[in-house]
Amino acid sequence: MSMRPVILKPRIKQTATMIFLHGLGDTGHGWAGILNTLRPDHLKVICPTAPVIPITLNLGFRMPAWFDLESLDNLEQETDIEGLKKSAKTVYGLIEDEIRSGIPSNKIIIGGFSQGAVLALYSALHCEKPLAACIALSTFFPEARLPDPNLLYNKGKHKNLTIVRPFY
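Every chain begins its residue count from 1, and numbering advances along the sequence as written. A pLDDT threshold of at least 70 governs which residues receive local features in this predicted model, and a stricter bar of 80 or more applies before side-chain atom pairs are shown or counted, although totals over entire chains, interfaces and linings include all residues. Only hydrogens and water are set aside; all other atoms, that is, all heavy atoms of the structure, feed into the side-chain values.

### Structural notes on unusual backbone geometry
Thinking step 1. Its identity is not glycine, yet leucine 59 carries a phi of approximately 55°, on the positive side.
Thinking step 2. Relative to the helices and strands, leucine 59 is located in the loop between strand 4 (52-55) and strand 5 (61-64).
Thinking step 3. Note on classification: 1.4 Å probe, protein chains only; a residue is buried when its accessible area is under 20% of the maximum for its type, exposed when over 50%, partly exposed between these limits. Classification of leucine 59 by relative accessible area gives exposed; the value is 84%.
Thinking step 4. For serine 138, which is not a glycine, the phi torsion comes out positive at approximately 50°.
Thinking step 5. You can see serine 138 is positioned in the loop between strand 7 (133-137) and helix 5 (149-155). Secondary structure is summarised from DSSP: a helix means a run of H or I of at least four residues, a strand means a run of E of at least two, and numbering begins at the N terminus for each.

### Some words on the pairing of strand 6 (residues 108-113)
Thinking step 1. With 5 of 6 residues buried, strand 6 is to be regarded as a mostly interior element.
Thinking step 2. Summarising the sheet, strand 2 (residues 16-21) and strand 6 pair through 5 bridges and their orientation is parallel. Residue pairing across strands places phenylalanine 20 opposite glycine 111, the latter belonging to strand 6.
Thinking step 3. Strands qualify as paired when DSSP identifies two bridges or more between them. Note that strand 6 and strand 7 share 5 bridges and pair parallel. Bridge pairing links glycine 112 to alanine 136 in strand 7.

### A few points about the side chain of threonine 49
Thinking step 1. As for its placement among the helices and strands, threonine 49 is situated in strand 3 (residues 43-49).
Thinking step 2. For threonine 49, a relative accessible area of 1% gives the class buried.
Thinking step 3. In the analysis that follows, any N or O atom pair within 3.5 Å is treated as a polar contact, provided that within protein one partner can donate a hydrogen and the other can accept it, and provided that, for residues neighboring in sequence, both atoms belong to side chains. A polar atom in the side chain of threonine 49 sits 2.8 Å from the backbone nitrogen of glycine 28.

### Digging into the packing of helix 3 (residues 81-100) against helix 4 (residues 115-126)
What describes two packed helices is the angle between their axes and the distance between those same axes.
Thinking step 1. Lines are fitted to the C-alpha atoms to define the axes, a helix being fitted only along its stretch in contact, and any angle between axes, read from their N-to-C directions, falls within 0 to 180 degrees. In the contact formed by helix 3 and helix 4, the axes pass within 9 Å of each other and the chain directions differ by 70°. Between helix 3 and helix 4, the angle falls in the class roughly perpendicular. Along this stretch, helix 3 crosses helix 4, giving a crossing that reads as right-handed. Contacts between helix 3 and helix 4 involve Leu84, Lys85, Ser87, Ala88, Val91 and Tyr92 from the first element and Val118, Leu119, Tyr122, Ser123 and His126 from the second.
Thinking step 2. All residues other than Ala, Val, Leu, Ile, Met, Phe, Trp, Tyr, Cys, Pro, Asp, Glu, Lys and Arg, Gly among them, are scored as polar; the first ten of these are nonpolar and the last four charged. Residue composition of the contact of helix 3 with helix 4, grouped by class: 7 nonpolar, 3 polar and 1 charged. If an angle is under 35 degrees, it is roughly parallel; if it is over 145, roughly antiparallel; if it lies from 65 to 115, roughly perpendicular; otherwise it is oblique. By definition, any crossing whose near helix is turned counterclockwise from its far helix by less than a right angle is left-handed, and any crossing with a clockwise turn is right-handed. We call two residues in contact whenever any of their non-hydrogen atoms come within 4.5 Å of each other.

### Comments concerning the nonpolar core
Thinking step 1. Counting residues in each nonpolar core, the largest one holds 27 residues, and the members touching the most others are Ile19, Leu21, Ile95, Ile110, Leu119 and Leu131.
Thinking step 2. For this core, the secondary structure elements donating two or more residues are strand 2, helix 3, strand 6 and helix 4.
Thinking step 3. Buried residues of nine kinds, namely Ala, Val, Leu, Ile, Met, Phe, Trp, Tyr and Cys, make up a nonpolar core once their side-chain atoms join them within 4.5 Å. Judged by nonpolar contacts, the second largest core, of 12 residues, contains Leu8, Leu35, Leu43 and Val45.

### Quick notes on the pairing of strand 4
Thinking step 1. As judged from the 4 bridges shared by strand 4 and strand 5, these two strands associate in the antiparallel manner. Note on strand 5: the bridge partner recorded for valine 52 is proline 64.
Thinking step 2. Here strand 4 hands over to strand 5 after 5 residues, with leucine 59 in that stretch at a positive phi of 55°.

Below, the structure written as structure tokens:
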């Protein structure tokens, strides 16, 4: 991460954490204000900021981003998976920090908006530990298709996972 994350401390004894990831060109500060008004008192919110990298779609212009975007066509097939995996390691590090501080993984929520939601979905579905939830706002899934929920259930990681698919 290029900047320290914005951390909204719980107002009462902490029992859960939400890690919320911003969209392309934004920072952790962009979502902290609204999340502070919506969160329950027991929830700690962590809003990290993505590193500043060149974005191919924007002619190489450097901006905060979780991974590179080459075009808006076929996002599911043209996503920078290596960049996404690198950013997912950052998310897993934040999860581990929370576990070390006493919050069980099943009390940790990962959420995000746009590009941050792509990272949230990817991280949640590939996380080795069970999580409380994943909130993905205005997004796409970064792989050609969603993982088979039966495979996730059989691994035991996500026994309570519900995948809600969009409808048109």
